[in-house]
Amino acid sequence: MATLVFLEHHDGELQKGSLGVLGKAAELGGGDVAAAVIGSGVKEAAAAAGKFGATAVFVADDPAFEAPLPQPRVDALAQLVGEHGFDTVAFAASVLSADVAAALAARLDAGLNWDLVDLVSEDGRLVGKRPALGDTVMADVGWTSEPRLALFRSGSFEPKESGGEAEVQDFDVDLQDFSSAAVMVEQAHETSEGPSIEDADVIVAGGRGLGGPEKFSLVEELAKALGGAVAATRAVVDAGWYPYAAQVGQTGRTVAPKLYIACGISGAIQHKVGMQSSNTIIAINKDPNAPIFDFADLGVVGDLNEIVPKLTELVRARKG
């Protein structure tokens, strides 16, 4: 099996989700797996891929890839597949990766399985594991041809350093005319403090039980005290209380932190599927019959307006 993993990067660092997929691919391939790092000013970061299981890293470092546009990256990956014969290309889910994976599948006339949470080898064939029916069952999915394209749900694999080294190889990409037709004229960056919800070990999430957008300051203060990130449910995002980038759930992000504190969240199945892989779940809700208590590790029944500030105060005092 010859596998290529598309590694995303941000601010000079390879992203946690991509590195987790790389480690899984290396485990299945017996340690023989390649990675692709595509961007501008990325060569230094690319070398770190060896620590997470890559034996070779193909780097396309060019100003043409500075903007996060999918088509130039499709050109690069299609070229690598054609030149090196990779039979599997793997991605960690993100907005950019989803665009690239779908376009690459169309370019190569290849099969794409998405929202995977695992990949195993059974009788010499790769089988993907995909949640279905609101994550109540696990379906086996496969491919009928090569190359196989696999897009993994965010947080499916934790990056693990293996201590290896990778051979870094530069390659020039022959860009198609249509791939250069789209130009990014502006890119907005949301200002935020602390880790992203995909990378955070601690997440404090707020739901409709907060009562209003101004009450998210309680969640933000607790997250800041714990060194974590802030998340939100779809209901509050739809109401305009918090940005979509923080949404956890079936139509948002999937997270797997060490600690997830749910404040004023009822625990609907759509939210559960996005955070149920958390190591420890603590729920704070005034409704003792809230569904979230059925799968929380620790439940606190009470007024979050009193509990959350007190908890923040205790965390700060403990750290101090």
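Below, the structure is looked at part by part. A quick note: this is a predicted structure, and the numbers were derived from the prediction, not measured.

**Considering helix H5 (residues 216-226)**
Then, in step 1: The set of residues buried in H5 consists of Phe216, Leu218, Val219, Leu222, Ala223 and Ala225.
Then, in step 2: Those residues of H5 hidden inside the fold are in contact with strand E13 (202-206), strand E14 (229-232), helix H6 (234-238), strand E15 (259-263) and helix H8 (304-319).

**Brief notes about the packing of aromatic side chains**
Centre distance and the angle of the planes are the two values used to describe a pair of aromatic rings.
Then, in step 1: Scanning all chains against the criterion turns up 5 aromatic pairs.
Then, in step 2: Ring centres of Phe58 and Phe86 lie 6.2 Å apart, and the angle between their planes is 80°; this geometry places the pair in the edge-to-face category. Remark: Phe86 occurs in the loop between helix H3 (70-84) and strand E6 (88-92) and Phe58 occurs in strand E5 (residues 56-61); sequence separation between them is 28 residues.
Then, in step 3: A relative accessible area of 6% places Phe58 in the buried class.
Then, in step 4: On the basis of an interplanar angle of 65° and a centroid distance of 5.3 Å, the ring pair of Phe152 and Phe157 is categorised as edge-to-face. For the residue pair Phe152 and Phe157, the accessibility class agrees, reading buried in each case.
Then, in step 5: Put simply, the rings of Phe58, Phe86 and Phe171 pair up and form one aromatic cluster.

**Concerning the pairing of strand E1 (residues 3-7)**
Then, in step 1: Within E1, 5 of the 5 residues are buried, which leaves the element mostly enclosed by the surrounding structure.
Then, in step 2: Here E1 shows a buried face lined by Thr3, Val5 and Leu7 and a second buried face lined by Leu4 and Phe6.
Then, in step 3: Pairing analysis gives 5 bridges linking E1 to strand E4 (residues 33-39), with the strands arranged parallel. In the strand pairing of E4, Phe6 is matched with Ala36.
Then, in step 4: Two strands pair when backbone bridges link them, and E1 and E6 are joined in this way by 3 bridges, in the parallel orientation. Counted as the bridge partner of Val5 is Ala90 from E6.

**A few points about the sheet that holds strand E16 (residues 280-285)**
Then, in step 1: Taken in spatial order, the 5 strands line up as E14-E13-E15-E16-E17 in an open sheet, and their pairing is parallel. Each edge of the open sheet carries a strand with a single partner, namely E14 and strand E17 (298-301). Averaged over all adjacent pairs, the angle separating strand axes in this sheet is 20°, with direction ignored.
Then, in step 2: Strand direction decides the pairing type here: E13 and E15, joined by 5 bridges, are parallel. Across the sheet, the residue bridging to Val204 is Ile261, located in E15.
Then, in step 3: Along the sheet face, H5 touches E13, E14 and E15 and points at about 175° away from the line of E13.
Then, in step 4: The sheet strands contacting H8 are E15, E16 and E17, and the helix crosses E16 at an angle near 135°.

**Digging into unusual backbone geometry**
Across residues other than glycine, the phi torsion is negative in most instances, and most of the peptide bonds are trans.
Then, in step 1: A cis geometry characterises the amide bond from Glu146 onward to Pro147, with omega recorded as 0°.
Then, in step 2: At Asp109, a position not held by glycine, the phi torsion is positive, near 55°.
Then, in step 3: Taking relative accessible area as the criterion, Asp109 reaches 69% and is therefore assigned exposed.
Then, in step 4: Despite not being glycine, Asp115 has its phi angle at roughly 60°, a positive value.
Then, in step 5: Structurally, Asp115 is set in strand E7 (residues 111-116).

**Observations concerning the pairing of E16**
Then, in step 1: Burial of E16 is extensive: 5 of the 6 residues sit out of reach of the surface.
Then, in step 2: In the sheet, E15 pairs with E16 via 5 bridges, with the strands oriented parallel. For Cys263, the partnering residue across the bridge sits in E16 and is Ile284.
Then, in step 3: Traced from E15 through helix H7 (residues 269-275) to E16, the parallel crossover comes out right-handed.
Then, in step 4: In this structure, E16 lies alongside E17, joined through 4 bridges in parallel fashion. Note on E17: the bridge partner recorded for Ile284 is Val300.

**Considering a negative patch on the surface**
Then, in step 1: There is a patch of like negative charges on the surface, built from Asp61, Asp62, Glu83, Asp172 and Asp174.
Then, in step 2: Within the secondary structure layout, Asp62 lies in the loop between E5 and H3.

**Overview of the packing of H5 against H8**
Then, in step 1: Interhelical geometry of H5 versus H8 gives an angle of 20° and a closest axis separation of 9 Å. Considered as vectors, H5 and H8 are oriented roughly parallel to each other. In this structure, H5 crosses over H8, and the sense of that crossing is left-handed. For the pair formed by H5 and H8, the contact residues are Leu218, Glu221, Leu222, Ala225 and Leu226 on the first element and Leu304, Asn305, Val308, Pro309, Leu311, Thr312, Val315, Arg316 and Lys319 on the second.
Then, in step 2: Grouping the constituent residues of the contact of H5 with H8 by class yields 9 nonpolar, 2 polar and 3 charged.

**As for the environment of Glu167**
Then, in step 1: Tracing the backbone shows Glu167 in strand E12 (residues 167-170).
Then, in step 2: Residues contacting Glu167, with those up to four places away along its chain left out, are Thr55, Ala56 and Val57.

What counts as what
Per chain, residues are indexed from 1 in the order of the written sequence. Reporting of local features is limited, given that this is a predicted model, to residues whose pLDDT is at least 70; pairs of side-chain atoms are given and counted only at 80 or more, and all residues count toward the totals for whole chains, interfaces and linings. Side-chain calculation: all heavy atoms of the structure are included, whereas hydrogens and water are not. To sort residues, take the accessible area from a 1.4 Å probe on protein chains only and compare it with the maximum for the residue type: under 20% means buried, over 50% means exposed, and anything in between is partly exposed. In this text, helices come from DSSP runs of H or I with a minimum length of four residues, and strands from runs of E with a minimum of two, each type numbered from the N-terminal end. Every residue pair with non-hydrogen atoms within 4.5 Å of one another is taken to be in contact. Centres within 6.5 Å make a pair out of two Phe, Tyr or Trp rings, where for Trp the six-membered ring is used; the pair is then stacked when the planes are under 30 degrees apart, edge-to-face when over 60, and tilted otherwise. Two strands qualify as a pair provided that DSSP identifies no fewer than 2 bridges between them. Only the stretch in contact is used when fitting a helix axis, every axis being a line fitted to C-alpha atoms; angles between N-to-C directions are given from 0 to 180 degrees. Here is how to tell: hold the view so the strands point away, follow the path from the first strand over the helix to the second, and if it runs clockwise the crossover is right-handed. A residue counts toward a patch only above 30% relative accessible area and without a salt bridge, and it is joined to like-charged neighbours within 9 Å or, for Val, Leu, Ile, Met, Phe, Trp and Tyr, to nonpolar neighbours within 5 Å. Surface exposure here means Shrake-Rupley accessible area, sampled with a 1.4 Å probe, where a residue is shielded only by the protein chains that are shown. Here, a salt bridge means any Lys or Arg side-chain nitrogen found within 4 Å of an Asp or Glu carboxyl oxygen. Neither His nor the chain ends contribute to the count of charged residues, in which Lys and Arg are positive and Asp and Glu negative. The location of each charge is read from NZ of Lys, CZ of Arg, CG of Asp or CD of Glu. Every angle not falling under 35 degrees, over 145, or within 65 to 115 is termed oblique; those three ranges are roughly parallel, roughly antiparallel and roughly perpendicular. Left-handed describes a crossing in which the near helix is turned anticlockwise from the far one by less than a right angle; the clockwise case is right-handed. In the scheme used here, Gly and all other residues not listed as nonpolar or charged are polar, with Ala, Val, Leu, Ile, Met, Phe, Trp, Tyr, Cys and Pro taken as nonpolar and Asp, Glu, Lys and Arg as charged.

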